[in-house]
Amino acid sequence: METQDQQQEAVRAAEDTGTDPAVILAAGSVVLSWFFFYARGDKQQGLFVGLWPPTILAFASYFEQTKMSDMVERATGRDTLVGRVERMVQSRAE
């Protein structure tokens, strides 16, 4: 069973998801793409702007995953200078 704190955290996460600036920007670019494509008849510009939402959401996902990774490292005690240098060396060796 979930505790009260876990339930409240899940509710907060669900509420934050809809108001994320990246989601708003992605939705706005979809509307702008439709405007260019259908209203102005500029299909090339509409398609170009239509490629923005996946890019915006991909960047937002990357930054969210990076933030979560940093939180896990801080919680496990690996967020030290030595730990960061070790991770940099490991990533360059691969």
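Residues numbered from 1 in each chain as written. Predicted model: local features only at pLDDT ≥ 70, side-chain atom pairs only at ≥ 80, totals over all residues. Heavy atoms only, no water.

Peer 1: Would you mind going over the pattern of salt bridges with me for this structure?
Peer 2: It is possible for side chains bearing opposite charge to pair when their charged atoms get close. Tallied over the entire structure, the rule returns one salt bridge. Lys-67 is paired through a salt bridge with Glu-64; the nearest N and O atoms lie 3.6 Å apart. Of the two residues, Lys-67 and Glu-64 both sit in helix 4 (residues 52-76), three residues apart, roughly one turn of that helix. (Salt bridge = Lys/Arg side-chain N within 4 Å of Asp/Glu carboxyl O. Helix = DSSP H or I, 4+ residues; strand = E, 2+ residues; numbered from the N terminus.)

Peer 1: What is the right way to look at the UniProt feature "transmembrane region" (unreviewed entry) in the chain in this model?
Peer 2: In the numbering used here, UniProt assigns the "transmembrane region" (unreviewed entry) feature to residues 22-39 and 46-63. For the annotated span residues 22-39, helix accounts for 100% and strand for 0% of the residues, and the straight-line distance between the end C-alpha atoms is 25 Å. End-to-end, the C-alpha atoms of residues 46-63 are 27 Å apart, and along that stretch the chain is 94% helix and 0% strand. (UniProt positions renumbered as here; feature names shortened; annotations may be inferred.)

Peer 1: What is the right way to look at the side chain of Ser-33 in this model?
Peer 2: For Ser-33, the location among the structural elements is in helix 2 (residues 21-39). Ignoring any residue separated from it by four or fewer positions in sequence, one finds Ser-33 in contact with Gly-46, Val-49 and Gly-50. (Contact = heavy atoms within 4.5 Å.)

Peer 1: Where do I start with helix 2 in this structure?
Peer 2: Since one α-helical turn is 3.6 residues long, residues separated by three or four positions face the same way. Helix length check: helix 2 (19 residues) gives 26 Å between terminal C-alpha atoms against 27 Å at 1.5 Å per residue, within 8%. Where the residues of helix 2 are buried, they touch helix 3 (43-50) and helix 4. Trailing helix 2 by a residue or two, Gly-41 shows a phi angle of about 75°, which is positive. (Expected span 1.5 Å × (residues − 1).)

Peer 1: Hey, could you run me through the environment of Ala-27 in this one?
Peer 2: By the secondary structure assignment, Ala-27 is in helix 2. By relative accessible area, Ala-27 is classed as partly exposed at 43%. Considered as a pair, Ala-27 and Trp-52 are 25 residues apart in the sequence and their alpha carbons are 9.8 Å apart. (Buried < 20%, exposed > 50% of the residue type's maximum accessible area, 1.4 Å probe, protein only.)

Peer 1: Could you clarify how one ought to interpret the packing of aromatic side chains in this entry?
Peer 2: Here the distance between the centres and the angle between the planes together describe a pair of aromatic rings. Taken as a whole, this structure holds four aromatic pairs when the rule is applied. Arranged with centres 5.8 Å apart and planes meeting at 55°, the rings of Phe-35 and Phe-36 form a pair that is tilted. Arranged with centres 5.4 Å apart and planes meeting at 65°, the rings of Tyr-62 and Phe-63 form a pair that is edge-to-face. (Phe/Tyr/Trp six-rings, centres within 6.5 Å; stacked < 30°, edge-to-face > 60°.)

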